[in-house]
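Observations on the model geometry
The residues making up each chain are set out below.
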Amino acid sequence: AELYAEKTIGTYLRKRYDIVAIFAKTGDDRDRDVMIHYINIALHLLSSRINPNQIPEIRENAYQAAMAWLKSIAKGDISPDLPLLPVEEQINSIV
């Protein structure tokens, strides 16, 4: 579930953000929003594996919020304070 959450987040952030640096941080150095959404994506996956037909509403809502946050970042609507890739490495950079 953890690897799935990390890969899901990476899918949306890797065009502009340094995914390796983001996930290498530990403790209080980790970004709070990334960690909240990481946990919610992982818990949603675990819930869906336990009983795919009865995912708790709170898990579904938290997952949908995480995905909306990631999509907003990918579109450039919001810019979290995360380590950026060097400009020459950014893909389709939004400037």
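Rules used in this analysis
Throughout this description, residue numbers start from 1 for each chain and increase along the sequence as written. Totals for whole chains, interfaces and linings use all residues, but because this is a predicted model, local features are given only for residues with pLDDT of at least 70 and pairs of side-chain atoms are given and counted only at 80 or more. Neither water nor hydrogens contribute to the side-chain values; these are computed over all heavy atoms in the structure. Secondary structure elements are defined from DSSP: runs of H or I of at least 4 residues count as helices, runs of E of at least 2 residues count as strands, and each element is numbered from the N terminus. A 1.4 Å probe rolled over the protein chains alone gives each residue an accessible area, and that area as a share of the maximum for its type sets the label: buried under 20%, exposed over 50%, partly exposed in between. Residues are treated as being in contact if the distance between any of their heavy atoms lies within 4.5 Å. Computed with a 1.4 Å probe, the accessible areas rest on the Shrake-Rupley method; for each residue, only the protein chains presented here act as cover. Salt bridges are counted wherever a side-chain nitrogen of Lys or Arg sits within 4 Å of a carboxyl oxygen of Asp or Glu. We call two N or O atoms a polar contact when they sit within 3.5 Å, provided that within protein one can donate a hydrogen and the other can accept it, with sequence-adjacent residues counted only if both atoms are side-chain atoms. Whether two aromatic rings pair depends on their centres lying within 6.5 Å, for rings of Phe, Tyr and Trp, where Trp uses its six-membered ring; planes under 30 degrees apart make the pair stacked, over 60 edge-to-face, and the rest tilted.

Structural notes on the overall build of the chain
From N to C terminus, the chain includes 4 helices and 0 strands. Ordered by position in the sequence, the α and β elements of the chain form the string α-α-α-α. Projected onto its principal axes, the C-alpha positions of the chain cover 45 × 30 × 20 Å. Looking at the chain as a whole, 34% of its 95 residues are labelled buried. Long-range pairs, those at least 24 residues apart, make up 70% of the contacts in the chain between residues at least 6 apart in sequence. Entry remark: accessible area of the chain is about 6,300 Å², with carbon and sulfur atoms responsible for 52%.

Quick look at the pattern of salt bridges
Applying the stated criterion across every chain yields a total of 2 salt bridges. The salt bridge partner of Arg-32 is Asp-33, with a shortest N-O separation of 3.5 Å. Using a relative accessible area of 59% as the deciding quantity, one classes Arg-32 as exposed. Note on Asp-33: relative accessible area 30%, which makes it partly exposed.

Let's talk about the environment of Asn-40
Assignment of secondary structure puts Asn-40 in helix α3 (residues 32-50). Residues Asn-40 and Ala-65, spaced 25 residues apart in sequence, show a C-alpha to C-alpha distance of 8.9 Å. Apart from the residues within four sequence positions on either side, Asn-40 is in contact with Arg-59 and Ala-62. A distance of 2.8 Å separates the side chain of Asn-40 from the side chain of Arg-59, its partner in a polar contact.

What to know about the packing of aromatic side chains
Applying the stated criterion to the full structure yields 1 aromatic pair. An angle of 45° between the planes, with centres 5.9 Å apart, marks the rings of Phe-23 and Tyr-38 as tilted. With a gap of 15 residues between them, Phe-23 in helix α2 (residues 19-24) and Tyr-38 in helix α3 connect regions that are remote in the sequence. Under the relative-accessibility criterion, Tyr-38 is labelled buried at 12%.

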